[in-house]
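One-letter residues, chain by chain:
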Amino acid sequence: MQSMGFRSDINFLRAIAVVLVVVFHFSNVALPGGFVGVDIFFAISGYLMTGIIFSQIQNQRFSLLSFYLARAKRIIPALSVMVLSVLVYAWFYLFDVEFIKLLKHAFSSLLFYSNVVYWQEAGYFSASAHQNWLLHTWSLSVEWQFYMAYPIVLLLLSKVIGLRWTKLLIIIGAIASFAAAVYASNIWPDPAYFSLPTRAWQMMVGGIAFLYPVTFNASSQRAVSLLGLAIMLISAAWVSPEMNWPAWPSALPILGAYLFLIADASKSLPVYNTAVFKYTGRWSYSIYLWHWPVVVWMNNQSFAVDVPIILGGIALSVVLGALSFWAIESRRVPVLHVVIFAAASTFAATANSFGLGETSLRTLSHSSSNTALYHYEAIRQKMANENNTLTCRLSSNKDRHGNFAYPAPCIDWDQQHGLLFWGDSHAESFSRGVLPGLPQQQSVSRIFSSGCRPSFDMKVGDSSVFRRACDQANETARTFVSKQRPGTVIIGMKDQHEMMDWDNIIAFLKANGTEQIIVIGPTPQYYPTVPLNYVKQGEGETLTSYKLDYAIPATDAKLASILADYDVIYISLFNHLCDKSGDTYRCRVKLNGELYSFDYGHLTPESARILANELLFDPGYL
């Protein structure tokens, strides 16, 4: 077993990893796969931790407590300072709905379970990521969880089966974890991305590089090291957020990291120890800590995020990282570190009692904008908490046996040639505005399921609750259309309408007697929410496209073109609400004095009623 010592090439690799991540976060267009830097960090951590643990176990001087204390001293002080700084900023500048979310994230980050919180809330690559000030701490939580479990497992195994077999079990464990990652990435993408079981293999591969060293001559060291570096850089340029991760493609940067680690080319490639890489590597942890709050701050200002702003943000991240390293990481002041950690944790845990609502000590809590945000948050919660009698989303409805089942009022199985609403939660939100305007004797059926694209043939599988509900909802729609032969069908969904098999959908409906097909286009969608953007950037009844999801106008245009060839009525909500000026849009977001959406794009009942009147009833479609 090799001995542990400082390796300038590993410090260089840290520099490369943090540069990849920082560039990706500031501009994913410049480096679409830069997020692989986190994977590389995991491999480095696995190499170093395995080396520390095995070397000390072999020399019979391993102490679990000493190991944990060393990790805490390395990670917690700088993290606590960053979290506390963000909280202080938030006290003065964030509205209550933002502040309460940040408090939750801060506490979970300091106690190292933020990865669990984030997989339950939103994906790493989602449009709302730029509202999550501490999103980047998910990787620290994964590492900490690994640090907690890994030494205990190795210590127990070494006593029971010895070090030789323990090393072999690490290989088996890495293979099992990788298999789990590949499987889970396809069916539970967010948990797979954020969880330890599907990330452990990346750290264990780093450990394998330590446990099974390979001896090379100088020229081979250089070749293998540069090959590993090339593989990592190629993967950063090749992979993209659209790929499932950490599935098969994630093996590429880990393979590169493995080759780089086994090459041990510190001495044969002196370039690894040049000043720029040496300092960037030393500061890498602090740079990583500070760069993401800078990204979030930058993306929540009124100015455009152009190249000079991006370069300035990167430079600021490096400066803050260097200061953090000099003032926190390199100074051993245990009492001060404990005080800072305690202050940050206590503030995160208790600030909701004096920083929110009517009794808040924060000035922003008493603003009219803050009151407006509470109003729309109340609508959102009401919609989210609807019980079975109020929603026709199959994903929210189960019978007493635990099986998905639509409540009786949702589907009229008695009358033919009625009206069918079909789609996801966005279709349901629009239907709420249509229903009050229909004749009482009108036969109406509603077949919805959350996150479900309407399709007669596409199957999404049974690997999750939402997928099972989706397939059942679409099968119910097929059966209903065949038996009840609705005269009018209104179809709607969140986005990506152009991806649907409209040939098949329209042909099946027409073959079963549907005379009128109405397709509702996507609403303008703003992230994180329409209300939050409006109180910050809104003017009168309108909002600029600064935080607009630009995939929506693209979908709207494609869908209009596709459906022009069919006997279908296309309702463009986007064109009705938004006007284009050059490369930007200005959207009418207030209808009769109320914002059209309580979240990023779901219609409020009142805005749905107004739009239904303007676009369906007034033109005479219904």
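Residues numbered from 1 in each chain as written. Predicted model: local features only at pLDDT ≥ 70, side-chain atom pairs only at ≥ 80, totals over all residues. Heavy atoms only, no water.

Note that L79 resides in helix α3 (residues 64–93). Apart from the residues within four sequence positions on either side, L79 is in contact with S109, L110, F112, T137, L140, Y285 and L289. (Helix = DSSP H or I, 4+ residues; strand = E, 2+ residues; numbered from the N terminus. Contact = heavy atoms within 4.5 Å.)

Our next topic: the state of the cysteines. Cysteine pairs can be linked by a disulfide, which is a covalent bond between their two sulfur atoms. Evaluation of the coordinates by the stated rule reveals 3 disulfides. Note on cysteine connectivity: C452 is disulfide-linked to C470, with sulfurs 2.1 Å apart. Every disulfide takes its handedness from the sign of the S-S torsion; for C452 and C470 that torsion is 75°, giving right-handed. Placement of C452 in the loop between β2 (444–448) and α17 (465–484) and of C470 in helix α17 is noted, with a sequence separation of 18 residues between them. Each disulfide in the protein chain links cysteines that, numbered along the sequence, combine into the pattern 1-2, 3-4, 5-6. (Disulfide = S-S within 2.5 Å.)

We now examine the packing of helix α5 (residues 114–121) against helix α6 (residues 138–160). Closest axis-to-axis distance for the α5/α6 pair is 7 Å, and the angle between their directions is 130°. Considering the angle they form, α5 stands oblique to α6. Contacts from S114, N115 and Y118 of α5 reach α6 at W138, S141, V142 and Q145. A class-by-class count of the residues in the contact of α5 with α6 yields 3 nonpolar, 4 polar and no charged. (Axes fitted to C-alpha atoms, helices over the stretch in contact; angles between N-to-C directions. Parallel < 35°, antiparallel > 145°, perpendicular 65-115°, else oblique. Nonpolar A, V, L, I, M, F, W, Y, C, P; charged D, E, K, R; others polar.)

Of all hydrophobic cores here, the largest spans 112 residues; its most connected members are L79 and L134. In terms of residues, this core owes the most to one element, α3, which gives 14 residues. L394, I571, V589 and L616 belong to the second-largest nonpolar core, a separate cluster that totals 71 residues. (Core = buried A, V, L, I, M, F, W, Y, C linked by side-chain atoms within 4.5 Å. Buried < 20%, exposed > 50% of the residue type's maximum accessible area, 1.4 Å probe, protein only.)

Now for the pairing of strand β4 (residues 516–520). For β4, the tally of buried residues reaches 5 of 5 residues, placing the bulk of the element in the interior. The alternating pattern of β4 places Q516, I518 and I520 and I517 and V519 on opposite faces, both of which are buried. Sheet topology places strand β3 (residues 488–492) next to β4; 5 bridges connect them, and they run parallel. Bridge assignment links V489 to a residue of β4, and that residue is I517. As for the winding sense of the linkage, the β-α-β connection from β3 through helix α18 (residues 502–511) to β4 is right-handed. Strand direction decides the pairing type here: β4 and strand β6 (residues 569–571), joined by 3 bridges, are parallel. (Pairing = 2+ DSSP bridges. Right-handed = clockwise from strand over helix to strand, strands pointing away.)

Our focus in this paragraph is the sheet that holds β2. Taken in spatial order, the 5 strands line up as β2-β1-β3-β4-β6 in an open sheet, and their pairing is parallel. At either margin of the open sheet sits one strand with a lone partner, and together these are β2 and β6. This sheet shows a mean twist of 15° between the axes of neighbouring strands, independent of strand direction. Note: strand β1 (residues 419–423) against β3, 5 bridges, orientation parallel. Within the sheet, the bridge partner assigned to W422 lies in β3 and is I491. Docked against the sheet, helix α20 (residues 551–563) engages β4 and β6, running at close to 170° with respect to β6.

Mapped onto the elements, Q202 comes out in helix α9 (residues 200–211). Within the structure, Q202 has its side chain in polar contact with the side chain of D39 (distance 2.6 Å). Those residues in contact with Q202 that lie beyond four places of it in its chain are D39, F42, A43, P246, S250 and I254. (Polar contact = N/O pair within 3.5 Å; in protein donor to acceptor, adjacent residues only side chain to side chain.)

Relative orientation of the contacting elements helix α16 (residues 425–434) and helix α22 (residues 605–617) amounts to 70°, with a least axis distance of 7 Å. Taken together, α16 and α22 sit at an angle that is classed as roughly perpendicular. Counting all contacts with α16, which are made through S429, F430, R432, G433 and V434, the residues of α22 involved are P605, A608, R609, L611, A612, L616 and F617. A per-class count over the contact of α16 with α22 returns 8 nonpolar, 2 polar and 2 charged.

This next bit is on the pairing of β2. Walk down a regular strand and you will see the side chains alternate between the two sheet faces. Most of β2 is tucked away: 5 of the 5 residues are buried. In β2, alternate side chains face the same way, and those of V444, R446 and F448 on one face and S445 and I447 on the other are all buried. Handedness of the β1-α16-β2 crossover: right-handed.

Okay, the packing of aromatic side chains next. As enumerated under the stated definition, the model contains 33 aromatic pairs in all. Each ring, one from F12 and one from F277, has its centre 4.6 Å from the other, and the planes form 75°; the classification is edge-to-face. With F12 in helix α1 (residues 8–26) and F277 in helix α12 (residues 275–298), this residue pair connects regions lying 265 residues apart in the sequence. On the numbers, 5.9 Å between centres and 50° between planes, the contact of F62 with F67 is tilted. No difference in accessibility class separates F62 from F67, as the two residues are buried. (Phe/Tyr/Trp six-rings, centres within 6.5 Å; stacked < 30°, edge-to-face > 60°.)

Glancing now at the pattern of salt bridges. The tally for this structure, following the rule as stated, stands at 17 salt bridges. Close ionic contact of K536 with E98 constitutes a salt bridge, the shortest N to O distance being 2.9 Å. Remark: E98 occurs in helix α4 (residues 96–110) and K536 occurs in helix α19 (residues 530–537); sequence separation between them is 438 residues. When the shortest N-O distance is used, the salt bridge between E606 and R609 registers 2.6 Å. One end of the pair is E606 and the other is R609, both in helix α22 and 3 residues apart, which spans about a single turn. Among the ionic contacts, a cluster of salt bridges with common partners joins R7, D9 and D264. (Salt bridge = Lys/Arg side-chain N within 4 Å of Asp/Glu carboxyl O.)

Moving on: a nonpolar patch on the surface. Nonpolar side chains collect at one region of the surface, where V160, I161, W165, L168, L169 and I172 lie side by side and expose about 560 Å² of accessible area between them. Of all the elements, helix α7 (residues 162–187) adds the most residues to the nonpolar patch, at 4 residues. Along the polypeptide, L168 turns up in helix α7. On the accessibility criterion, L168 (32% relative accessible area) is partly exposed. (Patch = residues over 30% accessible without salt bridge, like charges linked within 9 Å, V, L, I, M, F, W, Y side chains within 5 Å. Areas by Shrake-Rupley, 256 points an atom, 1.4 Å probe, with all protein chains shown as cover.)

Turning to the sheet that holds strand β5 (residues 542–544), a few remarks are in order. On the basis of which strands lie adjacent, the open sheet formed by 3 strands has the order β5-β8-β7 and antiparallel pairing. On the outer flanks of this sheet lie β5 and β7 (578–581), each paired with one strand and no other. Recorded for the sheet is a direction-independent mean angle of 20° between the axes of neighbouring strands. Here β7 runs beside strand β8 (residues 584–588); their pairing, made up of 4 bridges, is antiparallel. Following the sheet pairing, D579 is matched in β8 by R586.

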